[in-house]
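What follows is the residue order along each chain.
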Amino acid sequence: MGSKSTMIRRALSEFGRGRRGLTSQAATAVVNEGSGVVVPRLPAFDYTPPKYEGPSAEEILRKRKEYLSPSMFTFYKHPLNIVDGRMQYLFDENGRRYLDGFGGIATVCCGHCHPDVVNAIFNQTKRLQHSTILYLNPVIADFAEALASKMPGDLNVVFFTNSGTEANELALMIARLYTGCHDIISLRNSYHGNAAGTMSATALANWKFNVIQSGVHHAVNPDPYRGLFGSDGKMYAKDVQDIINFGTSGHVAGFVSEAIQGVGGIVELAPDYLPAVYKIIRKAGGLCIADEVQAGFARTGSHFWGFEGHGVVPDIVTMAKGIGNGIPLGAVVTTPEIAQVLTRRSYFNTFGGNPVCTAAGHAVLKVIEKENLQENALTVGSYLKGRLTALMNKYELIGDVRGRGLMLGVELVTDRQQKTPATAETIHVMDQMKEMGVLIGKGGCYGNVFRITPPLCITKEDSDFLVDAMDYTMSKM
């Protein structure tokens, strides 16, 4: 007879391949081999991946260490070799299925290998993979028109890029050119990219190298959980005015922020903060930039864009990740007047607006609308958040549950009063949930926040499985 942990792993592996079991509120399975242990089970899913015949996880890890950047890190004690994906599920080299609660870092919105997106990519690749935007092509124009239709006001001029970092770099440059000022204000705990300008705007030490970074001031973060003023957004906004008064000439190029900080640990900005700050920035001659790289494309459920939940209209919006469902694609959207600044010189991006990428992006917009993914993000996201909140009432380890739609965070602490980060416990729970078939991310300044950003097609049954797996793991600690 094997050990209890061995039996559980064996049973979970079998259930991950689709075997049916007993059900309660969430799908569960009874592992009986003398243990009587009840563990959650993945909901049934009608797909079996083709047999994988490539190199093992160990061989790939060896090649990564030898040939790829040493800065590349992996999750888990035993890194996963993910070789297949369908909708909200991923499959490893052995055919085991996992619920993807991370979505490629809030990137896969329609679902892995969604047939409509795959067909759009395939059909466009067969016809024309790449030429140049110096020639006309209908794909980029059609997608730009469709994207502009999702924006408020006169935000209808689109610049395509390859990533969120590129999009934010371009947005910062546009703001500086338009205003004639250099000073940018961003928020502490923010992440906007890893190039020269965006690294300056980023305010998390572990994402900043010791290189010249100038022209950016970092305001106090309006964090309702850890911030000085709780949920009083207007009190935090006063710091932005102080920065302008005491750290600049009185004029600024702009202000950039996420509506919900992703890398920083799914931190929602305090209510009333953005309206107050936008007013302050515009009075100082600056532009307001909304970084929608993670919160955009219906992820928050209540709105298509995260900034809409704060009742503001930016001057520039940046986006990436969900825009292409995994295709390298980003964009900057602004007004016709502001866009004119790039005609002063030649601005060009070789792959920005590539036919294959923009075909994928247009397909993503169509899928979101056709399959009501925004409504699903709201409905399932609210249900998932409710279940996570109930779990917080059960375990002192959970200090906070936050976020909107399917952009949720669970912060672990060893002391609720002191809010001491439970970093080691976060890693342990993540690892054990992986063994049970659930993949989630982590973030925050202290690495103690679960980042739950699944594909927008996730179901309530999947949500039950995710929470029950977390519940089961914490019950064993």
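Given the structure is predicted, the values throughout are model-derived calculations rather than measurements. (Residues numbered from 1 in each chain as written. Predicted model: local features only at pLDDT ≥ 70, side-chain atom pairs only at ≥ 80, totals over all residues. Heavy atoms only, no water.)

*Asks:* Whenever I open this one, the overall build of the protein confuses me. Can you help?
*Replies:* Looking only at helices and strands, the protein has 14 helices and 20 strands in total. Computed over the C-alpha atoms, the radius of gyration of the protein is 23 Å, within 12% of the 23 Å expected from 2.2 N^0.38 for a compact globule of 477 residues. With the principal axes as the frame, the protein shows a C-alpha extent of 75 × 60 × 45 Å. The buried share of the protein, reckoned over its 477 residues, is 55%. Long-range pairs, those at least 24 residues apart, make up 72% of the contacts in the protein with a sequence separation of at least 6. Total accessible area computed for the protein in this model is approximately 21000 Å², and 53% of it derives from carbon and sulfur atoms. The positive charge centre, built from 46 side chains, and the negative charge centre, built from 45, are 3 Å apart in the protein. (Helix = DSSP H or I, 4+ residues; strand = E, 2+ residues; numbered from the N terminus. Rg over C-alpha atoms; globule rule 2.2 N^0.38 Å. Buried < 20%, exposed > 50% of the residue type's maximum accessible area, 1.4 Å probe, protein only. Contact = heavy atoms within 4.5 Å. Areas by Shrake-Rupley, 256 points an atom, 1.4 Å probe, with all protein chains shown as cover. Lys, Arg positive; Asp, Glu negative; His and termini not counted. Charge placed at Lys NZ, Arg CZ, Asp CG, Glu CD.)

*Asks:* Just checking my understanding: could you explain the sheet that holds strand E5 (residues 97-100) for this structure?
*Replies:* The strands that make up a sheet are held in pairs by hydrogen bonds between backbone atoms, and each pair lies either parallel or antiparallel. Read from one edge to the other, the open sheet built from 4 strands follows the order E3-E4-E5-E18, with strand pairing classed as mixed. Here the strands that pair on one side only, and so sit at the sheet edges, are strand E3 (82-86) and strand E18 (438-439). Bridging between strand E4 (residues 89-92) and E5 involves 3 bridges; their strand directions are antiparallel. Bridge pairing links Phe91 to Arg97 in E5. (Pairing = 2+ DSSP bridges.)

*Asks:* What am I meant to see in a nonpolar patch on the surface here?
*Replies:* Taken together, the side chains of Ile133, Leu134, Tyr135 and Phe348 define a hydrophobic patch exposed on the protein surface, amounting to about 460 Å² of accessible area. As for its placement among the helices and strands, Phe348 is situated in the loop between helix H10 (336-339) and helix H11 (355-370). Residue Phe348 is classed as partly exposed on the basis of its relative accessible area of 43%. (Patch = residues over 30% accessible without salt bridge, like charges linked within 9 Å, V, L, I, M, F, W, Y side chains within 5 Å. Salt bridge = Lys/Arg side-chain N within 4 Å of Asp/Glu carboxyl O.)

*Asks:* Is there a simple way to think about the packing of helix H8 (residues 233-247) against helix H9 (residues 273-283) in this case?
*Replies:* Angle between the axes and distance between the axes are the two parameters that describe a pair of packed helices. Running from amino to carboxyl end, H8 crosses H9 at an angle of 20°, the nearest separation of the two axes being 8 Å. If you check the angle between H8 and H9, you find them roughly parallel. Here the hand of the crossing between H8 and H9 comes out right-handed. Counting all contacts with H8, which are made through Gly233, Tyr236, Ala237, Val240, Gln241 and Ile244, the residues of H9 involved are Tyr273, Ala276, Val277, Ile280 and Ile281. (Axes fitted to C-alpha atoms, helices over the stretch in contact; angles between N-to-C directions. Parallel < 35°, antiparallel > 145°, perpendicular 65-115°, else oblique. Left-handed = near helix turned anticlockwise from the far one by under 90°.)

*Asks:* Help me understand the pairing of E4 in this model?
*Replies:* Side-chain positions along a regular strand alternate between the two faces of the sheet. Because side chains alternate across E4, one face comprises the buried residues Tyr89 and Phe91, and the other comprises Leu90 and Asp92, equally buried. Summarising the sheet, E3 and E4 pair through 4 bridges and their orientation is antiparallel. When the bridges of E4 are listed, Gly85 appears paired with Leu90. Linking E3 back to E4 in an antiparallel pair, the connection comprises 2 residues, with Met87 at a positive phi of about 50°. Here E4 folds back onto E5 in antiparallel fashion, the turn holding 4 residues, of which Gly95 has a positive phi close to 85°.

*Asks:* How should I be thinking about the nonpolar core in this particular structure?
*Replies:* Note on soluble globular proteins: their nonpolar side chains tend to be buried together. By size, the foremost hydrophobic cluster in this structure holds 98 residues, and its most contacted members are Leu147, Tyr273, Met319, Phe450, Ile452, Leu466 and Met470. Excluding residues within four positions of it along the chain, Tyr273 makes contact with Leu187, Ala219, Val220, Pro222, Gly233, Tyr236, Ala237, Val240 and Phe255. Listed in part, the 21 residues of the second largest apolar core include Ala167, Cys181, Ala201 and Val341. (Core = buried A, V, L, I, M, F, W, Y, C linked by side-chain atoms within 4.5 Å.)

*Asks:* When you look at helix H13 (residues 423-436) in this model, what are you seeing that I'm missing?
*Replies:* An α-helical turn contains 3.6 residues, so any two residues separated by three or four positions project in the same direction. Look at H13: 20 Å from first C-alpha to last across 14 residues, which is about the 20 Å you get at 1.5 Å a residue. The complete set of buried residues in H13 reads Thr426, Val429, Met430, Asp431, Met433, Lys434 and Met436. Of the residues flanking the end of H13, it is Gly437, one or two places downstream, whose phi is positive at about 105°. (Expected span 1.5 Å × (residues − 1).)

*Asks:* For this particular structure, what's the right way to read the sheet that holds strand E14 (residues 330-334)?
*Replies:* The strand order across the open sheet formed by 7 strands is E6-E14-E13-E12-E9-E7-E8, and the pairing between neighbours is mixed. Two strands in the sheet have a free side with no partner beyond their single neighbour: strand E6 (157-161) and strand E8 (216-219). Averaged over all neighbouring strand pairs, the angle between strand axes comes to 20°, with direction disregarded. Alignment of strand E13 (residues 316-319) against E14, held across 4 bridges, turns out to be antiparallel. When the sheet's bridge partners are listed, Ile316 is paired in E14 with Thr334. Those strands touched by H8 are strand E7 (184-187) and E8, and its axis lies near 145° from that of E8.

*Asks:* Where do I start with the pattern of salt bridges in this structure?
*Replies:* Side-chain pairing between opposite charges can occur once the charged atoms of the two side chains come close. In total, this model carries 14 salt bridges according to the counting rule given. In this structure, Glu396 and Arg416 form a salt bridge, with 3.7 Å as the shortest nitrogen-oxygen distance. With a gap of 20 residues between them, Glu396 in the loop between helix H12 (373-392) and strand E15 (398-404) and Arg416 in the loop between strand E16 (407-415) and strand E17 (420-421) connect regions that are remote in the sequence. As a salt-bridge pair, Lys434 and Glu435 come within 3.0 Å of each other at their nearest N and O atoms. Relative accessible area serves as the criterion here: at 22%, Glu435 is assigned to the partly exposed category. Through salt bridges with shared partners, a single network forms among Arg226, Asp400, Arg402 and Glu411.

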